[in-house]
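Reading the structure
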Amino acid sequence: QVQLVESGGGSVQPGGSLSVSCRNSGGAVPLYGMGWYRQAPGKEREAVAAKGTDGTLYIADDVKGRFTIFRDNAKNVVFLAMNSLKSEDTAVYYCNADPVRMFNGRYWGQGIQVTVSS
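The structure contained in this document is the topic of the report that follows. (Residues numbered from 1 in each chain as written. Predicted model: local features only at pLDDT ≥ 70, side-chain atom pairs only at ≥ 80, totals over all residues. Heavy atoms only, no water.)

Along the polypeptide, Ala-47 turns up in strand E5 (residues 46–52). The residues touching Ala-47, leaving out its near neighbours within four places in the chain, are Trp-36, Tyr-37, Tyr-58, Ala-60 and Phe-103. (Helix = DSSP H or I, 4+ residues; strand = E, 2+ residues; numbered from the N terminus. Contact = heavy atoms within 4.5 Å.)

With that out of the way, let us pick up the pairing of strand E11 (residues 112–116). Burial along E11 is one-sided: Ile-112, Val-114 and Val-116 are buried, while Gln-113 and Thr-115, pointing the other way, are not. In this sheet, E11 lies alongside strand E2 (residues 10–12) in parallel orientation, the contact comprising three bridges. Bridge pairing links Val-12 to Val-116 in E11. The pairing of strand E9 (residues 91–98) with E11 spans three bridges and is antiparallel. Bridge pairing in E11 places Tyr-93 opposite Ile-112. (Buried < 20%, exposed > 50% of the residue type's maximum accessible area, 1.4 Å probe, protein only. Pairing = 2+ DSSP bridges.)

Another point: the pattern of salt bridges. Scanning the entire structure with this criterion turns up seven salt bridges. If you follow the salt bridges from partner to partner, you end up with Arg-38, Glu-46, Asp-62, Arg-66 and Asp-89 in one network. (Salt bridge = Lys/Arg side-chain N within 4 Å of Asp/Glu carboxyl O.)

Let us look at the sheet that holds strand E1 (residues 4–8). With antiparallel pairing, the four strands of this open sheet are ordered in space as E1-E3-E8-E7. This sheet does not close on itself; its edge strands, each paired only once, are E1 and strand E7 (67–72). Neighbour-to-neighbour, the strand axes of the sheet open up by a mean angle of 15 degrees, direction not taken into account. The pairing of E7 with strand E8 (residues 77–82) spans six bridges and is classified as antiparallel. Its bridge partner lying in E8, Thr-68 is registered against Ala-81. (Axes fitted to C-alpha atoms, helices over the stretch in contact; angles between N-to-C directions.)

For the rest of this paragraph, the subject is the nonpolar core. The biggest cluster of nonpolar side chains holds 29 residues, and the ones touching the most others in it are Trp-36, Leu-80, Met-82 and Tyr-93. Among the secondary structure elements, those contributing two or more residues to this core are strand E3 (18–24), strand E4 (33–39), E5, E7, E8, E9 and E11. Among the elements that line this core, the one with the most residues is E9, at four residues. Other than its neighbours up to four places away in sequence, Leu-80 contacts Leu-18, Ser-19, Val-20, Trp-36, Val-48, Ala-49, Phe-67, Thr-68, Ile-69 and Tyr-93. (Core = buried A, V, L, I, M, F, W, Y, C linked by side-chain atoms within 4.5 Å.)

Mapped onto the elements, Gly-55 comes out in the loop between E5 and strand E6 (57–59). Considered as a pair, Gly-55 and Arg-71 are 16 residues apart in the sequence and their alpha carbons are 9.3 Å apart.

Here you go:
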């Protein structure tokens, strides 16, 4: 059974940096796609970044050049490094994973808060 556990996040001023990480603390299920979604208050959940075990990569347009996704395939761990943060990046960030898909995978983390505020 896959159990995604997130860590990191927190609060930072605009222009600052934060990172979030996610690991599978459950069974050894091969996960093709691992990535991150976010949901800001009053908005729909949106994809931020995702990476497949074959290197296939997705980065949302509004975070390109600022966010970087790293993945350790052997350990089923995924990191999201967030630089030059803006107030509009404030959201709950969710880890997402699936054995065969890049997006809208069947497994979700519990969510972790990222707040960008002066």
